[in-house]
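Working through the structure, step by step
The chain contents come next:
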Amino acid sequence: MATVPALSHPHDEPRNHGPQLLALPKRPADPEGESFAAGDVLNALRYHLVLFLFLGTLVAVAAGAAAWNLFPPKYTTFALLRVYSNEQAVADRARDGASRTEFGTYLSTQAAVIKSHLVLNRALGRPVGPGGQTLAQLPMLQGLDDPITFLEEKIVIEYSDRSEIMKVGMIGDDPNQISAAVNAVAQAFIKEVETYKQQNQRRYDKLLAAKIEQEKALEELQKTYEATYRKSGPNEVTAKTRQARMAKYIQLVQDEGRVQNELRWTREQLARAQATVEREKNQPAAAAPEIVVPELGAAIEADPAVAKKAADISRIENYVTYYDRTAAVKNSAHITEYRDLLKREMSALEELKKQTRLRLTQAYVQQQKQLVQKAGGTADPVIEQLRLQTLLDRHDFDLKNIREELVKYADLQQEEAAGGPPPEQTLMEIRLRGLRERVAELASKTDNARTELAADDRVKLYEEAHVPQHKEIKKQLAFTGAGGLAGFFLVGALLTVGEVRKKRMYGANDRLFGRVPLLGRIPEHGFIAPAAGAEPAADDPAGLVFRESIDRVKTLAIRQMTLRKQHTLLVVSPSVDEGKSILAWNLAAGFARTDYKVLFIDANLVRPTIHKHLNTDQAGLSEILRGEANLSDATFSTAVPNLDCMTAGRPDPEARRCLDKPAFSRLLDRARAQYDFVVIDTCALSEAVDPLCLAQRVDAAIVSVRTFKTRSPAAEQAWERLQLLGTPVLGAVLTDPTLNAGEL
């Protein structure tokens, strides 16, 4: 395990006459997910608060004035329509009302009707002036190529499914014209509602006349039927009994045919399954073949509905054939009517067969799909064979029972063979049944039409549009306020974007301190202390806090430099006014207070400042570099014990060029021999190349940054340049004007 060397006084250590190069640390990756955050907005606006308020106010006033002029106040008027939430029908009085969805749909439909071309075209022809002037002749519509489209765009309809009031409004500059236009459109819509009710009245009259006509025809046919077939027939009980037995007999005959078809189809399927079993005994299972639907003609004919329709057609055919053979009635009107009835019934039979075929086909395909087993989608022939054999036995059993049951109706079979009822009676019964259905349908439609006519109008004109007396200023105020806010937001956004593009340092959580250690934070304070003692007064809390923060940084710097045997320390900053000179001087004073002999060198040959604070014109660094003075001539003691100072002297271009020559290295060597620590202040990296020349010849460097001033990219660039020169960076010191004693 490596041991840390014991601390010793610098006088006891051998001098380190050159910068100790440290390995360049690996640059960490940028933080993931770093992006624009709300804190950036607050920090940017806080830093530029005065500028933001000033520019924001100007832009907001300009935007508000522009909005005020672009959206001038206009007149607004509305006509009110009453739309009942439920239909005002007699049959629906007990209802609680239509659902909100139905009512909302009805409202949207009525709104579409109001803005339809039919209603707007009628509104254009309505008189709106005292002299018979129509809406189309108003000045705002004259000269337009398409006044209907103009009205469609300008008419505003407001409604809600929670209210029964619908507003039809318009916004414009002329109050008389817009009120006239709204009233014309509303009245045209109400007229359309009345026209619809008149159409319903005519429809009701037609339905009622057709119902009366069909009722008369039904009554006459019923009388004819009663007089012809009921006056000498069997008694009613016998007729009903025979009718029930006949229905049962017909059902059994149909079941017999159906079971025979199913029995035949099952035998065919069983034969196929047996053949499949024999074929696949020595062959691997194959994929299930495509399902082929067999001929379903017999199954369709055996369907109960098809059989009943076929029986009716057969009776009609017998009747037509019977009368064709009778010359007396061969050309009568009745036989023509029955022929037409035969054609209609045959067409209905064909349609019924199509539907039955489709239903049976779907059932067959579904049944075949259910036979598909898990083995690769193929059916198991052995299991299918067993199932079909079971189905075949069941069909045999059903057929046997049906035939035994048919024996009980032998008398009906003989009666049917003898002829049954006459064909004209059957046809008349069919006609009676059709007329009754027609009369019932017409009665239902007539009742609905009568109920709708008896109801009140669902839409009524509740209030006409009045001529507005005052302009609507709310929208203008809203647009003006929105424009002002937009101006503020625009200025804030521009300031924020400008700050984010070159982000400032807003605190100790800046990403720079993920690469460069933060030695400490110091408050903003100009503590130079040229007086004796260099101690802040007891009644100066800011000075005490500043001294405490400097001592924290000084302690860490001395520890690192002692361990690394470093003696010369350069204090740099990325830009100007970042607290570099104050930090350098107070670090030197802090080193001196720790009983180290310290030399402070003002190497800022661009903008020297320390001579102003110390009020001296003594020769300094520039004179040494030009060869006009030596080290002893350019240094002097300060009021701080153990602290000597070398000012910048009288800088010129020649002295600045010497910073990159061996003369400055020899000066540092002599200073290392006489002092424990040498603290060097210089100009900012953004001002000149001087800091880079000095950084090559010192032992270590500290970067001075300042909140709300230092740009993060500039600080990172300064650190990277020092690393490229091989200058060990002890860390960074953050000057924070917002820092208080509790945050040290």
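Attention here is on the structure that accompanies the text. Bear in mind that the values here come from a model prediction, so they are computed numbers and not experimental data.

How each quantity is defined
- Each chain carries its own residue numbering, running from 1 in the written order of its sequence.
- Only residues with pLDDT of at least 70 are given local features in this predicted model, and only at 80 or more are side-chain atom pairs given and counted; all residues enter the totals for whole chains, interfaces and linings.
- To get the side-chain values, all heavy atoms of the structure are used, and hydrogens and water are removed first.
- Here, a salt bridge means any side-chain nitrogen of Lys or Arg that lies within 4 Å of a carboxyl oxygen of Asp or Glu.
- For helices the rule is a DSSP run of H or I covering at least 4 residues; for strands it is a run of E covering at least 2, with both sets numbered from the N terminus onward.
- Each residue is placed in one exposure class: buried if its accessible area under a 1.4 Å probe, protein chains only, is under 20% of its type's maximum, exposed if it is over 50%, and partly exposed if it falls in between.
- When DSSP finds two or more bridges between a pair of strands, those strands are recorded as paired.
- Axis lines are fitted to C-alpha atoms, over the contacting stretch for helices. Their N-to-C directions set the angle, which ranges from 0 to 180 degrees.
- Put simply, a patch holds well-exposed residues, over 30% relative accessible area, that have no salt bridge, with like charges counted together within 9 Å and Val, Leu, Ile, Met, Phe, Trp or Tyr side chains within 5 Å.
- Residue-level accessible areas treat just the shown protein chains as cover; the underlying method is Shrake-Rupley with a 1.4 Å probe.
- In this description, a nonpolar core means a group of buried Ala, Val, Leu, Ile, Met, Phe, Trp, Tyr and Cys residues linked to one another through side-chain atoms lying within 4.5 Å.
- Any two residues whose heavy atoms approach within 4.5 Å at even a single point are treated as in contact.
- Two rings from Phe, Tyr or Trp (for Trp, the six-membered ring) form a pair when their centres sit within 6.5 Å of each other. Planes less than 30 degrees apart are called stacked, planes more than 60 degrees apart edge-to-face, and all others tilted.
- Taking the helix axis as origin, the arc is that swept by the directions to the C-beta atoms.
- Roughly parallel here means an angle under 35 degrees, roughly antiparallel means over 145, roughly perpendicular means 65 to 115, and every remaining angle is called oblique.
- Note that Gly is not counted as nonpolar here; it falls among the polar residues with everything else outside the nonpolar set of Ala, Val, Leu, Ile, Met, Phe, Trp, Tyr, Cys and Pro and the charged set of Asp, Glu, Lys and Arg.
- For a helix, the expected span equals 1.5 Å multiplied by the number of residues minus one.

With that out of the way, let us pick up the pattern of salt bridges. The final tally for this structure, using the stated rule, is 30 salt bridges. Lysine 223 is the salt-bridge partner of glutamate 219, the closest N and O atoms lying 3.6 Å from each other. Taken together, the residues span about one helical turn, with glutamate 219 and lysine 223 both in helix H6 (residues 175-230) at a distance of four residues. For glutamate 219, a relative accessible area of 47% translates into the label partly exposed.

On to the side chain of glutamine 177. Considering the arrangement of structural elements, one finds glutamine 177 in helix H6. By relative accessible area, which is 11% here, glutamine 177 ends up buried.

Strand order in this open sheet of four strands is E2-E3-E1-E4, and the pairing throughout is antiparallel. At either margin of the open sheet sits one strand with a lone partner, and together these are strand E2 (156-158) and strand E4 (459-463). Ignoring which end each strand starts from, the neighbouring axes of this sheet average 30° apart. Looking at chain direction, strand E1 (residues 75-83) and strand E3 (residues 165-172) are connected through eight bridges and run antiparallel. Bridge pairing in E3 links leucine 81 to methionine 166.

All right, on to a nonpolar patch on the surface then. On the surface, Leu51, Phe54, Leu55 and Leu58 cluster together to form a nonpolar patch covering roughly 360 Å² of accessible area. Its location among the elements puts leucine 51 in helix H2 (residues 49-70).

Let us look at the environment of threonine 224. The topology assignment puts threonine 224 in helix H6. C-alpha of threonine 224 to C-alpha of methionine 428: the two residues are 204 residues apart in sequence and 9.2 Å apart in space.

Right, let's get into the environment of leucine 477. Within the secondary structure layout, leucine 477 lies in helix H14 (residues 474-501). Through-space distance from the C-alpha of leucine 477 to that of phenylalanine 71 is 9.2 Å; in sequence the pair is 406 residues apart.

One recurring pattern in soluble globular proteins: nonpolar side chains tend to sit buried together. Within the largest apolar cluster, 40 residues are counted, with the highest numbers of intra-cluster contacts made by Leu621, Met646, Phe664 and Ile680. The biggest single contributor to this core is helix H21 (residues 662-674), with four residues. Setting aside its immediate chain neighbours within four residues, leucine 621 contacts Ile601, Asp602, Ala603, Leu605, Met646, Thr647, Ala648, Gly649, Leu659, Phe664 and Leu667. Formed by 36 residues, the second largest nonpolar core is a distinct cluster that contains Ala111, Ala123, Met166 and Val182.

Our focus in this paragraph is the pairing of strand E10 (residues 677-681). Among the five residues in E10, five count as buried, and that is most of the element. The sheet contact formed by strand E6 (residues 568-572) and E10 spans four bridges and is parallel. Bridge pairing in E10 places leucine 569 opposite valine 679. Relative to E10, strand E7 (residues 598-602) runs parallel, the two being bridged by five bridges. Within E10, the position partnered with aspartate 602 by the bridge is aspartate 681.

The next subject is the packing of aromatic side chains. How two aromatic rings sit relative to each other is given by the distance of their centres and the angle of their planes. All told, the structure shown has three aromatic pairs when counted by the stated rule. Considering the side-chain rings of tryptophan 585 and phenylalanine 600, the 5.2 Å spacing of their centres and the 85° angle between planes classify their relative orientation as edge-to-face. Taken together, the residues tryptophan 585 in helix H16 (residues 580-593) and phenylalanine 600 in strand E7 connect sequence positions 15 residues apart. The burial state of tryptophan 585 is the same as that of phenylalanine 600; both residues are buried. Between tyrosine 596 and phenylalanine 677, the ring centres sit 5.0 Å apart and the planes meet at 75°, which makes this aromatic pair edge-to-face. Separated by 81 residues along the polypeptide, tyrosine 596 in the loop between H16 and E7 and phenylalanine 677 in strand E10 bring together distant segments of the chain. For tyrosine 596, a relative accessible area of 12% translates into the label buried. The buried category is assigned to phenylalanine 677, whose relative accessible area is 1%.

Glancing now at helix H5 (residues 147-154). Among the residues of H5, Pro147, Ile148 and Leu151 are the ones counted as buried. Angularly, the buried residues of H5 cover 105° about the axis, an arc narrow enough to put them on a single face. Next to the buried residues of H5 lie helix H4 (117-124) and E3.

This paragraph deals with the packing of H4 against H5. When two helices pack together, their arrangement is given by the angle between the helix axes and by the axis-to-axis distance. At a minimum axis distance of 10 Å, the contact between H4 and H5 shows a crossing angle of 110°. Relative to H5, the element H4 lies roughly perpendicular. Each of His117, Leu120, Asn121 and Leu124 in H4 lies in contact with H5, whose residues at this interface are Pro147, Ile148, Leu151 and Glu152. Among the residues making up the contact of H4 with H5, the classes are represented as five nonpolar, two polar and one charged.

Further remarks concern the sheet that holds E10. Spatially, eight strands are ordered E5-E12-E11-E6-E10-E7-E9-E8 in an open sheet, and the strand pairing comes out mixed. Across the chains shown, the open sheet's two edge strands, defined by having one partner strand only, are strand E5 (518-522) and strand E8 (636-637).

Mapped onto the elements of the fold, aspartate 690 is located in helix H22 (residues 690-695). Look at aspartate 690 and you get buried, because its relative accessible area is 2%. Setting aside residues no more than four positions away along its own chain, aspartate 690 makes contact with Leu605, Val606, Arg656, Leu659, Thr682 and Cys683.

Next up on the list: helix H15 (residues 541-564). Here H15 is 24 residues long and its end C-alpha atoms lie 35 Å apart, about the 34 Å a rise of 1.5 Å per residue gives. At the exit of H15 stands lysine 565, carrying a positive phi of roughly 60°.

Keep in mind these values describe shape, not function.
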